[in-house]
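Spelled out, the chains give:
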Amino acid sequence: PETDFILAQILPPEAPWPPPEMRYDMTKLLLIILDGVPYRNWRRLFGNLEGWVAQGAASVHRIRAVLPSTSASCYASIHTGVPPQVHKVWGNEAVYRLNQPDIFSEASKAGLKTGAVTHSFWSEMFNRAPFDLVRDIEYDEPNGPITHGRFHTMTGYGNINQMTPSDVDLFATLTRMTELHGIDYGILHTCTLDSMGHRFYHDCEEMDHACYVMDAMLAPFLQRWLDKGYEVIVTADHGQDERGHHGGTGELQQDAAFYYFGASEMPAKDVVLDQLALAPSILTRLGVPVPETMKAKPFFSA
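Now for a quick tour of the structure. (Residues numbered from 1 in each chain as written. Predicted model: local features only at pLDDT ≥ 70, side-chain atom pairs only at ≥ 80, totals over all residues. Heavy atoms only, no water.)

## So, the pattern of salt bridges
Definition in use: Salt bridge, as used here, is a side-chain nitrogen of Lys or Arg placed within 4 Å of a carboxyl oxygen of Asp or Glu. Buried, partly exposed and exposed residues are distinguished by accessible area as a fraction of the type maximum, computed with a 1.4 Å probe on protein chains only: under 20%, between the cut-offs, and over 50%, respectively. The helix and strand labels rest on DSSP assignments: H or I over at least four residues marks a helix, E over at least two residues marks a strand, and numbering proceeds from the N terminus.
Inspection of the entire model under this criterion finds 13 salt bridges. With a shortest N-O distance of 2.8 Å, Arg135 and Asp136 are connected by a salt bridge. With a relative accessible area of 0%, Asp136 lands in the buried category. For Arg224, the salt bridge identified is with Glu179, shortest N-O distance 2.8 Å. Residue Arg224 is found in helix α11 (residues 205–227), and its partner Glu179 is found in helix α9 (residues 167–181); the two are separated by 45 residues along the sequence. Residue classification places Arg224 among the partly exposed positions, given a relative accessible area of 33%. By relative accessible area, Glu179 is classed as partly exposed at 36%.

Dropping the structure here:
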């Protein structure tokens, strides 16, 4: 009932689908990262995303995380296009301002407006560190690599108390950022499913329901972003195995799904996407020059 009420407020039932204005003629892009969801659970439990794929409105691939498949290491690689052995974020305990060019820095240099609704790690790695709770929890800085930032810290996180914001609040915050500030590139990152996976593991009733709720909450916002002309990527930073673990190797720990709503041609369906190719691919789609540090070949066309 709560979910039905939320969806009704965001997307009235009489709204047409697909709307006549739904087209991909703008180089604006949103990257949605749902932390810690293994590939098989994306394909089994996210019915709205799979429905768009079935209707031909989106494509889906498998994407493989870097090693270690640890959250902060993956965040750094997703945005810089270099492996942990280069950016040297070995784990969640080693977070600092990175030196490599990244999506935010290069998009800002090109005159684009960027936005982030994420864990505070992203602000520390790509704007400034250490993270100051009062100064950095929210900022609007026209000259910063992150033009508009809205962050959360999960301070006090533990196995019983997740300390995660409601995902509806995060989706709404990004939506306001697109509509009020007209950002050209934005990223949203939520740890809800990763945190629940560490507690319950992914093969259980609790996680089935959590993925269902996430999928239902995301869908109307995703439709709203598409209606505004954004291309959208929905993926994860890494997966999780049967014991709720990641950081190492193997399909469950490394592999996630990659859903793309956009006009670029994609590789063949059986091609496993390289996480290191995500940053240069996004810059290519935005029409921004790819720095020499990003060695992986983009899988998007301009």
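There is more to say, and it comes next.
## Section: α9
Quick note on the threshold: To estimate the expected span of a helix, count its residues, drop one, and scale the result by 1.5 Å.
In this model, α9 (15 residues) spans 21 Å end to end at C-alpha, consistent with the 21 Å of a helix rising 1.5 Å per residue. Residues Asp167, Val168, Leu170, Phe171, Leu174, Thr175, Met177 and Thr178 constitute the buried set of α9. One or two steps after α9, the chain reaches Gly182, where phi turns positive at roughly 60 degrees.

## So, the side chain of His79
Definition in use: In what follows, residue pairs with any heavy atoms lying within 4.5 Å of each other are defined as contacts.
Considering the arrangement of structural elements, one finds His79 in helix α4 (residues 71–80). Not counting the four nearest positions on each side in its chain, His79 is found in contact with Pro101, Asp102, Ile103, Phe104, Trp122, Phe126, Tyr185, Ile187, Ala279 and Met294.

## Details of the nonpolar core
Formally: Here, the term nonpolar core denotes a set of buried Ala, Val, Leu, Ile, Met, Phe, Trp, Tyr and Cys residues that are joined through side-chain atoms within 4.5 Å.
Residues Ile32, Trp42 and Trp225 are the most contacted members of the largest nonpolar core, which totals 92 residues. Broken down by element, the residue count for this core peaks at 12 residues, all from α11. Discounting residues that sit within four places of it in the chain, Ile32 has contacts with Phe171, Leu174, Leu188, Leu218, Trp225, Val232, Ile233, Val234 and Thr235.

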